[in-house]
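Structure assessment
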Amino acid sequence: MNMRKLVLVVAALTLVGLLGLGAEKIKAGFIYVGPIGDYGWTHAHDVARRIVDEKYDWLETVYIESVPEGEVETYIDQLVRQGCNVIFTTSFGFIDGTFAAAQRYPNVIFAHASGFKRAPNMATYMADFYQVYYLNGLMAGALTKTGKVGYVGAFPIPEVKRHISAFTIGVREVNPTAEVHVRWIYEWYNPAAAKEATEALIAEGCDVFAFTEDSPTVVQVAAERGLPSFGHYSPMYEFAPDYVVSGQLVHWEVIYDDFLVKIHEGIYTTRNLAHVDYWWLLAQGAVECAAVPAVVYCETACVSDTSCACCCGCCCEISPSMVVNPVYERALKDYTINHPAFGTISVYDLVFLRHNQFADPGITFDPFEGPVYDRKGNLVVPAGMWMSYDHLITMEWAAAGVAGPWPGEP
Amino acid sequence: MRADAGTGRPDRRPDSPPLVRLEEVTKSFPGVVANDRVTFDVRPGEVHALLGENGAGKTTLVNVLYGLYRPDSGFVLVRGRRVTIRSPREAIALGIGMVHQHFKLVLPHTVAENAALGLKGTPFWAPARGVGRRLRELSERYGLPVDPDRRVWELSAGEQQRVEILKALLRGAEVLILDEPTSVLTPQETGELFKVLSRMREEGHGVIFISHKLTEVLEVADRITVMRRGRVVGTVAAAGADKPMLARMMVGREVVFRLTKRACTPGDAALNVEGIHVRNDRGLPAVRGVSFSVCRGEIFGIAGVAGNGQRELVEALAGLRRIERGRVCILGDDVTNRSPRLLSDIGVAHVPEERIRMGIVPGLSVEENLILKRHHRPPFCRAGLLHPASVRRFAQTAIEEHGIVTSNPKTPAKLLSGGNIQKLILARELSGQPALVLAAHPTYGLDVGATEQIRELLLRQREAGAGVLLVSEDLEEVMELADRIAVMFRGEITGVVSAGEAKREEIGMMMAGEERVRG
Amino acid sequence: MKRIGPFIVERRLAPPRHVVFGVSVLAVVVALLLAALVFWAYGVSPWRAYAEIGRGTLGTVDGLSDIVRRAIPLILCGVGLTLAFRAQFWNIGAEGQLLAGAVAASGVALFVPVPDGLRLPLMFLAGFGAGALWAVIPALLRVKLQVNEVISTLMMNYIMAYIVEWLVHGPWKGPTMRGFAYTDMFPTAARLPLIAGTRVHWPTLGVGVVAALVVGLILSRTRLGYEVRVVGQSPDAARYAGISFTVVLSLAMVISGGLAALAGVGEVAGIHWRLRSPSHISMGYGYTAIIVAWLARGSPIAAILTALLFGLIFAAGDLMKTTLGLPFQITGVFNGLILFSLISSDLLMYWRIRWRRRGEAWT
Amino acid sequence: MDLGWLVSTVSRALAFGVPLLWGTLGEIYAERSGVVNLGVEGMMILGAYAGFAVAQTLGHPGWGLLAAAAVGVVAAVWHAFLTVTLRANQYVSGLALTLFGLGLAGLLGRGWEGRPLRVPLGTITVPSLAEIPVLGPMLFVDQTILTYLGILLAVVLWVVLFRTRWGIAIRSVGESPATADSLGINVTVVRYLCVALGGLLAGVGGGYLSVAYRPSWTEGMTAGMGWIVIALTIFASWDPLQAIWGAFFFGALYHLSFRLQAYVSPELLKLMPYAFAILVLAVSGFGGARWRRRAPGSLGVPYVRGER
């Protein structure tokens, strides 16, 4: 008797809780692995947080930066105690702690970036760049004169390897003999190492650069030598306006916006997230191929440092994105190739053509469209096939044309 | 330079005004009054000796004069003017120079660099070159030959002393303080030093000569001031003084060092040393082919000026220093280069030269220090565990037997007085019937009472059948205690004589390496 | 002896225990006052800050358990360091030794086939061994080749950190981690039990407390402890007494490094359940333990208390980040301040200040 | 192997070796006077922070370097106060300085994080010398003025140390402070000055990182260089001239860890400077007393007048 009453009360409370969650204010906590002042990953997440925070009245956000991976549970505890009902953890290393916390706090919604463990109240999300890197690769292939393109990688993990291979496939598509030389710095954020790695690549004769590292170091070092490069993560055009050809930009706010609105509307609850996995690319607008981003939120008092720098006083006009730096427009238009699919075409046109294929909600092309051979000559993607999602996020092989160390190469 | 100015007639009038005068100086340290209303002066052209036992307060007094200590009360007059000397720099500026007992030299530097250190008027660039030139002039004038470009650590003690004197002269010292200058010199070198001092006297310098050796003081000084326990006992003219009188003033009673010493009954060899070679800390040969033997029931004395290899010899015998060549046998067993622990276990006692640095662990308690050598053996240690009750029992006995003055066996050893520390070491080393006692400078720096007690103890060991190797700089002590005396010079034994037939002069010559006597 | 106004300042040779304690507490208080200035400069009222910290750490079970959890590695490293410091062996390498323990424990957890019941004990054993081995190298380098241990242990921290990096990027990279640089999760049998409702891995805590007691006994009641003290206080006397530096320093470092390594075992088996990048395994526990041992003045028992104090500071640092919105670097500033005021207070212990008695001279 | 390798390696070694060289020269002076300062890392990071913040605010790298030097001096004088005046343990004080410096610089630098410096210290090309084949591009292109100033400074500091009155005083204070004191050298002043000089040079070394080498502020951007400096000081036998090639040798190692990545595991290359420091110390431990590179006689020992 008593027991049944208890069950009823609990059920009622849970229901009220769930409904309430849908209707009332959301307090979202963000846990970052790095300092918000880096120029990459954490910074981008924080910019996105501020954008969504400004956008919705029903949303309140808090964040904690520089959280060691093993300590994430402690901080989740504290956020829950502060009343957060949605918690984003933004580093792969938070995977165990977030998953454990999701078990302990069944009434809190968790979302973990870049991971693969999910639960009824824990989703995963990722905005990936490999399509953008491919587009950048096309341009790099056209711009290199020495036939050597430099790439400074942070860690030899599948994410970065995927980017390098996509980039290399792009380079090879327009310049079949070019090589992509890779150096690892084994850190997400180490300007000194990035500089020395770039110098090492320059010494080897590389003359175009791309990278995965959270600072504009590579761009600046290359620019000092008058060499073009591609920005990464944040807009880096302003650091070297004459030398940033294009770049990869992220828009985490697109994912956060979607996710939080769906919670607010009661679509996502603490019970139905086990299969919610955002893998958003160009088509969803979570990433962008550009030297300068398209949209600038200026009515909301300087949300992005970069927009601030270029239009101080926050009287920004909404400008179209700069996909290709005009400085390099000529060179890319003059570089024509005989493409197996499109015949004679300038690289400039090819970039936009491919871009449109990616941006098409139906996505009609993938950089890893078979046949793809790794650099040891093995066929890794059969002709006509695309890579599966699982294959993409676990890939370890290096595409043909990659030169340099490749730890963990199969 | 003041030294250049004083080339006129030496001024030896006894009534000429003093160069410096210390008036009623009192200086105390925690627990001890080192100087108690001391008045002392030195006039131009005189050597004024400051005589007293170790710890009488001589060094403290001159340290006050040299600005190293500030007096608690009293004051200093230089050429009649009252001055406050806050630092050696000010003392130097006032024309006071000092040669410390332990030389204040920077060993890795050259002679010229040492001389240039802190010297006013040296050129900024390449100071060593300019000073070297002046050094050569001065050494010629005062008869102090030394090469300015040599590294100080390569020099002998006598040469290092010359550098110190030159340093003072270079700084225009009118008053030169020499603290125990002869303790590191051979008799011959001492003679040379005395010649230099008379040269300085002729040039009008005042010299303060600190010593506890009566003979020397009588030989070199014009006036003698005797200190005891921080006070001045009296000042006498050297011309009217003699040894017994000075000794009485110094010690406060008639000195009779009469130890009852039974005739030696040498037994088997306790120690056999065959042609050993040992290097010093700098890797240079310090002991070169030394051979001798010590019998049980015998005290074998080693005399010689410090720094001629005695320290290295003793350390080698105690297992603390590698023997490069040669053989050491104790009680007939070859123990060459065995560990100190093994040697100690087979009955070698070692009373080390540096008793505070090596002989005790200052922070550990008295009782813990008493088991230093035997802490690893029963009854103090079983299966790796210490046995506090046995330690306590052993300590209480030792403290009583040797009259170690300590409030409590748990007191840190560093709080004991020098004499008590040495008693602690002897209590530890002589417990358990050692077969061989290595005693290095066992009475150095101790007061008369403790000295006698310790000599007594060594004789008792001899009678109990131990072989005793006694190393001392104090020739009197060696002659008094030892049955046979060896003299070391430059790492070799220049000769062995039996105590009965030894003459001071003969040993003195041997200490200078002059003569070899078979014995 | 000096006179300052009506006071006499005298040197003392051996400060009594209560003076040592009083001065140490005073040092911590001074550091807290200095830290209050930092708070104030940051626009946070120091009162509020300390009140929040007090409430958030000492006032809740979560807070208390967090203090203890952070204190566990500090106890183990700190206790080990007191032993090394008593031998005057400046082991700055607890961080590297901790990582060595983490590596060995991970190796056993992931790759050694043993029955489940034996897995954890074996992990502790292997961890101790690895830390001991890593720590004995600088001891031997010092005894045999006169290599300054401050330099060698410091450099070996970096070397071990790179070895861990290499392992997680290379041979030990977990097949289930989708290429990320982590090892796989430990099997359940290789995870330490926690006190219910907290993240305190109590077996390691127990090991730490026992280690403190054992090291305390070693120091006071064993031949090794005696020899450690002799070597530390007077190397010349140790040589004279025939104590083998090789044996004593090696053993002291075996224990010191082994205990630091146990802290590493506790971290991977109790918190992370895997090996990961070194900067995430240890929050600089090995370095903080130096302060822990220093503040404990060489007493392993006192190291438990000082470790808890620094556990509190770590926990307070977390709290400052979340509730006061202060940046995390403030913990480093804090630790630096405490260390500064501690070492400055050392001198204080050796001076006694008392009123000038009537009749004592002025100068 | 072609000359290009050599040219780029030497050139990069010079660029990366600069902070090491400046820091080491400073530490040599501090240690020559008898004071170990393990706070180099802390002084460098404070210098890096101050250099960046001031250069960014005032818009000229020169001011930044001046500020870096000043901050280094302040930090070093603090160390000197603790170790010389209060006679605290030099090792622990240095560690505290490093902890404190890293924390404080991180705290203050939060607002500046990641932002590139507006006006970095430019590189220079030495006219006419740059034309020399091989040597020109190797030594006279793409270096900042601090590279040459550093080498010049090393020579000057060597001359001062071994050929002037001041040098004799400094070395004597480090070998035997009692002797120096007895001859009227003010040990305290000499030690303060040498430690302060050490801080000044370490500060400039740190400033170079944030103003010239990588013109931006990053938390912890010294990344263990301070410890390499400590090792280098020993490696160079406390000799400013030997510090030159020591610093550039370690600089080359760092560069090569990226150049040789394809052939050697990068972790192995990165731990090389640290392993090498231990190795050098161990090797110099062989061969007995005569061969040993001698540390200043009273290194790490506080001086107390009249203490016996």
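Residues numbered from 1 in each chain as written. Chains lettered and ligands numbered in written order. Predicted model: local features only at pLDDT ≥ 70, side-chain atom pairs only at ≥ 80, totals over all residues. Heavy atoms only, no water.

Of regular secondary structure, chain D possesses 14 helices and zero strands. Counting from the amino terminus, chain D carries its helices and strands in the arrangement α-α-α-α-α-α-α-α-α-α-α-α-α-α. Taken over the C-alpha trace, chain D has a radius of gyration of 19 Å; the compact-globule value for 308 residues is 19 Å, and the two agree within 12%. Each of the three principal axes of chain D carries a C-alpha extent, and together these read 60 × 50 × 40 Å. Within chain D, the fraction of its 308 residues that count as buried is 65%. Of the contacts made within chain D by residues no fewer than 6 positions apart, 79% connect residues no fewer than 24 positions apart. As displayed, chain D has an accessible area near 10400 Å², and 71% of this comes from carbon and sulfur atoms. Considering chain D, the positive charge centre built from 19 side chains and the negative charge centre built from 13 side chains are found 7 Å apart. (Helix = DSSP H or I, 4+ residues; strand = E, 2+ residues; numbered from the N terminus. Rg over C-alpha atoms; globule rule 2.2 N^0.38 Å. Buried < 20%, exposed > 50% of the residue type's maximum accessible area, 1.4 Å probe, protein only. Contact = heavy atoms within 4.5 Å. Areas by Shrake-Rupley, 256 points an atom, 1.4 Å probe, with all protein chains shown as cover. Lys, Arg positive; Asp, Glu negative; His and termini not counted. Charge placed at Lys NZ, Arg CZ, Asp CG, Glu CD.)

Relative to the helices and strands, Ala142 of chain A resides in helix α5 (residues 130-143). Setting aside residues no more than four positions away along its own chain, Ala142 of chain A makes contact with Val174, Leu332, Tyr335 and Val347 of chain A.

Attention now goes to the pairing of strand β21 (residues 484-489) of chain B. Residue and element names in this part refer to chain B. With five of its six residues buried, β21 lies for the most part within the structure. Relative to β21, strand β13 (residues 299-303) runs parallel, the two being bridged by four bridges. When the bridges of β21 are listed, Ile302 appears paired with Ala486. By the bridge criterion, six bridges tie β21 to strand β22 (residues 492-498) in an arrangement that is antiparallel. In the sheet register, Arg484 faces β22, and the bridge partner there is Ser498. (Pairing = 2+ DSSP bridges.)

Quick look at the sheet that holds strand β20 (residues 467-471) of chain B now. All names here are of chain B. With mixed pairing, the six strands of this open sheet are ordered in space as β16-β19-β20-β13-β21-β22. Edge positions in the sheet fall to β16 (348-351) and β22, since each has one partner strand and no second. Looking at each pair of strands side by side, their axes are set apart by 15 degrees on average, direction ignored. Of the strand pairs in this sheet, strand β19 (residues 436-440) and β20 are connected by five bridges, and their pairing is parallel. Its bridge partner being in β20, Ala440 is matched across the sheet by Val471. (Axes fitted to C-alpha atoms, helices over the stretch in contact; angles between N-to-C directions.)

On to the interface of chain C and chain D, then. Contact residues are listed per partner, giving 41 residues for chain C and 41 residues for chain D. Summing both partners gives a buried area of about 3600 Å² for chain C against chain D, and 79% of it is carried by carbon and sulfur. Taken as a group, Met155, Tyr162 and Phe340 of chain C account for 18% of the area that chain C buries against chain D, more than any other trio of residues on that side. Taken together, the links from chain C to chain D amount to zero salt bridges. Inspection of the region where chain C meets chain D yields one residue pair in polar contact (both at pLDDT 80 or more). Among the elements of the structure, α5 (116-145), α6 (149-169), α12 (285-295) and α14 (330-349) of chain C are those that each provide at least two residues to the side of chain C that touches chain D. Counting residues per element, the side of chain C that touches chain D draws most heavily on α6 of chain C, at 13 residues. Counted by class, the side of chain C that touches chain D contains 30 nonpolar, nine polar and two charged residues. (Buried area = accessible area lost by both parts, 1.4 Å probe. Salt bridge = Lys/Arg side-chain N within 4 Å of Asp/Glu carboxyl O. Polar contact = N/O pair within 3.5 Å; in protein donor to acceptor, adjacent residues only side chain to side chain. Nonpolar A, V, L, I, M, F, W, Y, C, P; charged D, E, K, R; others polar.)

The omega torsion across Gly370 of chain A and Pro371 of chain A is 5 degrees, close enough to zero to call that bond cis. With respect to the secondary-structure elements, Pro371 of chain A resides in the loop between α12 (347-359) and β15 (372-373). For the bond from Pro378 of chain B to Pro379 of chain B, the omega torsion is 5 degrees, close enough to zero to count as cis. Within the element layout of this structure, Pro379 of chain B appears in the loop between α13 (366-370) and β17 (381-382). Phi is positive for Asn337 of chain B, close to 55 degrees, though the residue is something other than glycine. Here Asn337 of chain B shows up in the loop between β15 (333-334) and α11 (340-345). Residue Asn337 of chain B is classed as partly exposed on the basis of its relative accessible area, which comes to 36%. Positive phi is not limited to glycine here, since Arg490 of chain B has a value of about 50 degrees.

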